[in-house]
Amino acid sequence: MAKIPGLVKGLGVTFGTMVRTITKGANTVQYPHEKEVPPIRSRGVIALHQDNCTSCMLCSRSCPDWCIYIEAHKDLAPPRREGGKVRQVNKLDRFDIDYALCMYCGICVEVCPFDALFWSPEYEYSEPNIADLLHDKSKLSEWMETVPEAPALEVGADKKKK
Amino acid sequence: MMQSLFLVVVPYWGQSLLRVLGGLVAVLLPAGTIVYLFLFKMMSFMQSRLGPMEAGPYGSLQLVAEVGKWMQKEDIVPQRADKFIFKIAPVVVLVSTFLLVVVVPFGPDAYFTNFDTGVFYALAVSSISVLGILMAGWASANKYSLLGGLRAAGQLIAYELPMVLAVMGVVIQAGTMNMQQIVVSQNSGSMFGFSGLGNPFVLTQFVGFIVFMISIQAELTQAPFDMPIAESELVSGYMTEYSGFRFLIFFIGEFATAGVFAMIASVLFLGGWGVPFAWFGWTSTDDVANWMNLVGPLIIFTKMMLVVFIIMWVRFSYPRFREDQLQRFAWKILIPVSLANIMVTAVLKVAL
Amino acid sequence: MNQLSSTTDTTPPVVVDTARQQLATEIRATLGDAVLDIYIKPGDDIWVRVRTETWREIHQKLRDTLGFNYFSFLSAIDWMPSPYGRGEDDPTEPPPVRDTTIRSGYAGGDTRMQVFARLVSSERRLGVTLKADVADNAPSIESIANVFAGANWHEREAHEMFGIGFIGHPDLRNLYLPVDFEGYPLRKDFPLLARMVKPWPGIVDVEPLPGGAASDDEASA
Amino acid sequence: MTMTSDRLGDRQKLSYIAGQAADARVNLELETEGMTLNIGPQHPATHGTLRIIARLDGEQVVWAEPSCGYMHRGYEKLTEVRTYPQVTTLVNRIDWLGSFANEVPFILAAEKLMGVEAPSRAQWIRTILFELSRIANVSLFLGDLGVQLGAITPVFLAFRDREYVLNLIESATGGRFHPNFDRIGGLKDDLPAGFIDETKAVMKKLRNFCDEIEALLFGNEIFQSRTRGIGIIPRDVALQYGLSGANLRASGVDWDLRRDQDNAMAWNKINFKVWTHPDGDSFARCWVRLQETREATLIVDQLLDGIPSGPVMAKVPKIIKVPEGEAWVSTENPLGEMGYYVVSRGDLGPFRVKIRSASFNNISITPWLLRGVYVPDIITILASLYFILGDIDR
């Protein structure tokens, strides 16, 4: 059939989009009223599981932006089994992540040998004052409940040898 | 005609006051609805989004919010600008719109003035906005606005000629320059003996209609011809240095002119305020029923909305011409086509 | 300076890269004595180190005779290890001693800084990395901007980052850095201030048990 | 299609050159003294902060030169003080639109130095994510091309359909723009459940997005008159300046690193068409990129069908010390050929990384290209060369 001049076809596309938006609704989400749920693995904020942390400082050493500050002190802890030896363990005094510097690369979560750091897809923690972006360990522990279960893997993936 | 409108004698100064209020409503009301309906809503739907939804139900008060925003913004006058010319430039552009609306008939008796040379007057006045744009471009002492202003001057003058020639076809077919008579001749005429549809000039003068629409698109500096406000090159052309209330005047000016030009287009080509007289057995204006004075404005409003829909639809779909292509298109294509259209109409007019 | 060139080829040549061997012989034939050393990593790449004064001439020859018409990039390397390390040293302990021997890479090299460029032949889809030493005291080399027009910006960047002069370059202004920037940032002895200013949070500071090294028995609850 | 385009192209070129000559004569007779115009660094038409200093004579450019450095973050200095995992997070911020595609050449170079090869499933997933980031990058170009030439609608269509691709990348890697998913020896994790069917659906959406853009923009006579015959780059000048990617293929050079180079990726296991165009003008560059986007969706479909099963990470020690040596790896990134020349001294981080980014060479041709064009054509030519500022300034 005769080639429709490009100009007219262009009008057809915009008209078609308009009809589709009116009938089937727009692709945009009206943010404050409806919220889009981010995927499970989305790196929103880092959550800290305090009792796993032995303040080995691996995360703050491998952070490229130097934004994790840890202070701890040695302490004695009751033995695991009665009659066992009294253990000497590190107690966390301060565990801050400065989200103004953090670039969400995830090296700290990955490098932590004791599974103390987890990703949670939470993203609504912006602050009017930049200093409040320094989350201390109590705030980081609050994020723990928002950490989801790891998603099932695609078919053909190697089973995790956990 | 106005004095016996409400069965009370309205002194002369009252009439002109009514006319001023009528003019304001006739210009600002269409501008407001056009901005909301087309710029906010239709553009968003064409881009698969919903557009402003927060201010008022379905974003209806968005324009009020915008006007409020612009009002409270500080309107800056650049230090090296030519102060006086800079200040009155937007007013000149807006004035040309109000002058234009004066000549548009809204009903058998509802019109501001009834010039015998209405069309000639409209075309002459429409070129005042070029002066305003040039003044804005020159006075804001900014390279981008200078370039924008010069481009606007070149473009608007180049596209006035085809507009005038396109309208000549209509004037020849209607045999008069009086807008009221043009409306009457369109609605009372008949095509091939069938008078149910009247004789809208858009059918017989289709070429003239196309050329006129393209020239309007250029006069309003809309998308395929928005070289003067080329955002990707000249930031925003002659309007770059304007802010606050002055920018608001420019903004309203832009859309009010679109509305008024659409009204003129609907008068010249789509039969203005009238429906085909054959439906009611009228033959001329004086035996048209009185309620037509109220229904007329509504009809011309809907026809104007149809024409503005086409203008905006083209505006949101097309990329921009380059400066020399724009000029070449006007001089080499539009003007010869409209001249040919005039000749054909003249020959047919004499033959029939 | 020990060299890591082809003579000490540790990995046994399990696969013989015929295309690059043949290319190596062609280069030796066309460039003659300008070639100081050729190092081939089989199936990977070929490095050619040439004498500094023949730099522009060999580019001309490679482009015209051997058909290397695609200019990929040109830059420089400063082989001196950085005296500042990663800024992650514990201020309390004495500064660690760092090895400052200058060891050059493939196809050897005698000076601290080397200019290297990469040309690719668009027909044979084979690339070659060319290297040339640059004198330590007055680092400068001929510009190849008129052989490959693309090299213009690369040389300007190498000039402002390493301080290497390019003789015959049309306009050797700074590409990125402001006009009055002193120092050559990519040289290893240029400190990265961001790491100097802020103390490293990664230093382990776990205060010992209160009351010195408490023995097991006086376990406080 | 290309035949008719040539005849139109020639007439277009002749009229453009004649127009320029006429303007030059007019400017000469009027001896209008020139005007220096700064386009940028904050300017709607530049992807980031590129500033072009143009000396105008009337509407015609006498001399134009981009002045970059506003976005210079000093990547090569930063890589000297970082370990390999830290450099991978850094490196996907160079070309921030197709960000996974930046990590791949760097990781391949490190793997080549270590003599490690990722398992085949990891290679396939890497190629899938590589093509997804290409689609995300180039689909924005197709929309942005419209805005640069004045059409408002295409950019919204581009953002709408690109959102699906970004959600896919986020569901697999966790980050929309900065995935940081690539490790030496493989990937951080495997794909989440349901990824394959979701991607197939999104690819269908992307294909009709390409058709919409072709109808809305490329078929449009105004667009063709704005881009045909403008900014013509002959074949050997393109090679001399080291242009790469669609800019090179639009000048008639049939060269695609995915097909002509055997990297440790899955491109050689599927077949795809390499699109070229003889003209070498702005229209050709945009047209080649449009076809490549459509081709990328077909590639992803083939990859999804043939993905093998198995582990995603090879046997690699936790703390990686790359042995001494030098390696150069370059891949066909969305913007062109991006390569890393990694010199390693055998400790935790690289000794020197030379980042060869595509846009640096693509934009170094503009002083030659922009001589004598009209002002609006500067924007058209820059839009068709398609650069990302982070890529130029590094």
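Residues numbered from 1 in each chain as written. Chains lettered and ligands numbered in written order. Predicted model: local features only at pLDDT ≥ 70, side-chain atom pairs only at ≥ 80, totals over all residues. Heavy atoms only, no water.

Chemist: Explain the overall build of chain B to me, and be specific about the residues and the numbers.
Modeler: Check the secondary structure of chain B and you find 13 helices and zero strands. The helix and strand sequence of chain B, counted from the amino end, reads α-α-α-α-α-α-α-α-α-α-α-α-α. Here the C-alpha atoms of chain B give a radius of gyration of 21 Å, agreeing with the 20 Å that 2.2 N^0.38 yields for 352 residues. Reported as C-alpha extents along the three principal axes, the dimensions of chain B are approximately 65 × 55 × 45 Å. Taking all 352 residues of chain B together, the buried fraction comes to 57%. Long-range contacts, defined as pairs at least 24 residues apart, comprise 77% of the intrachain contacts of chain B with a sequence gap of at least 6. For chain B, the exposed area adds up to about 14,500 Å²; of that, 75% sits on carbon and sulfur atoms. Averaging the locations of the 18 positively and 18 negatively charged side chains of chain B gives two centres separated by 7 Å. (Helix = DSSP H or I, 4+ residues; strand = E, 2+ residues; numbered from the N terminus. Rg over C-alpha atoms; globule rule 2.2 N^0.38 Å. Buried < 20%, exposed > 50% of the residue type's maximum accessible area, 1.4 Å probe, protein only. Contact = heavy atoms within 4.5 Å. Areas by Shrake-Rupley, 256 points an atom, 1.4 Å probe, with all protein chains shown as cover. Lys, Arg positive; Asp, Glu negative; His and termini not counted. Charge placed at Lys NZ, Arg CZ, Asp CG, Glu CD.)

Chemist: An account of the sheet that holds strand 3 (residues 70-78) of chain C is requested, with residue identities and associated values reported.
Modeler: All names here are of chain C. The strand order 1-2-5-4-3 describes an open sheet built from five strands, whose pairing is mixed. With one partner strand each, in any of the chains shown, strand 1 (35-41) and strand 3 form the two edges of the open sheet. Ignoring which end each strand starts from, the neighbouring axes of this sheet average 20° apart. Two strands pair when backbone bridges link them, and strand 1 and strand 2 (residues 45-50) are joined in this way by six bridges, in the antiparallel orientation. Looking at strand 2, one finds that Tyr39 is bridged to Trp47. Set on the sheet, helix 1 (residues 18-31) makes contact with strand 1, strand 2 and strand 5 (126-134); between it and strand 1 the angle comes to about 175°. (Pairing = 2+ DSSP bridges. Axes fitted to C-alpha atoms, helices over the stretch in contact; angles between N-to-C directions.)

Chemist: Could you give an account of the domain arrangement of chain C, with specific residues and numbers?
Modeler: Residues and elements named next belong to chain C. On domain assignment, one finds that chain C holds domain 1 (18-190) and domain 2 (192-221). For domain 1 versus domain 2, the separation of C-alpha centres amounts to 46 Å. Contact residues are listed per partner, giving eight residues for domain 1 and five residues for domain 2. Both faces considered, domain 1 and domain 2 share a buried interface measuring about 560 Å² in area, 62% of it formed by carbon and sulfur atoms. For the domain 1 face of the interface with domain 2, the top three residues by lost area are Tyr84, Gly87 and Glu88, together amounting to 59%. Counting across the domain 1 and domain 2 interface gives zero salt bridges. Of the residues that constitute the side of domain 1 that touches domain 2, the class distribution is three nonpolar, one polar and four charged. (Domains from an automatic or database assignment. Buried area = accessible area lost by both parts, 1.4 Å probe. Salt bridge = Lys/Arg side-chain N within 4 Å of Asp/Glu carboxyl O. Nonpolar A, V, L, I, M, F, W, Y, C, P; charged D, E, K, R; others polar.)

Chemist: Can you tell me about the interface of chain D and chain C, naming the residues and giving the values?
Modeler: In this complex, chain D contributes 47 residues to the contact, which on the side of chain C involves 54 residues. Taking both partners together, chain D and chain C bury about 4,300 Å²; carbon and sulfur atoms supply 54% of that area. A per-residue breakdown of the area chain D buries against chain C is headed by Lys77, Gln240 and Glu326 of chain D, which together make up 16% of the total. Applying the counting rule to chain D against chain C returns 10 salt bridges. In this structure, Arg103 of chain C and Glu324 of chain D form a salt bridge, with 2.8 Å as the shortest nitrogen-oxygen distance. Across the contact surface, chain D and chain C share 29 residue pairs in polar contact (both at pLDDT 80 or more). Residues that form the side of chain D that touches chain C fall into these classes: 18 nonpolar, 10 polar and 19 charged. (Polar contact = N/O pair within 3.5 Å; in protein donor to acceptor, adjacent residues only side chain to side chain.)

Chemist: Hey, could you go over unusual backbone geometry for me, with residue numbers and the actual values?
Modeler: A positive phi is found at Asp115 of chain A, a non-glycine position, where the angle reads about 50°. By secondary structure assignment, the location of Asp115 of chain A is in the loop between helix 3 (107-111) and strand 4 (117-120). Judged by relative accessible area, which is 44%, Asp115 of chain A ranks as partly exposed. Although it is not a glycine, Asn180 of chain D sits at a positive phi angle of roughly 50°. Along the chain, the position of Asn180 of chain D falls in the loop between helix 6 (153-173) and strand 4 (182-183). Residue class for Asn180 of chain D comes out buried when judged on its relative accessible area of 2%.

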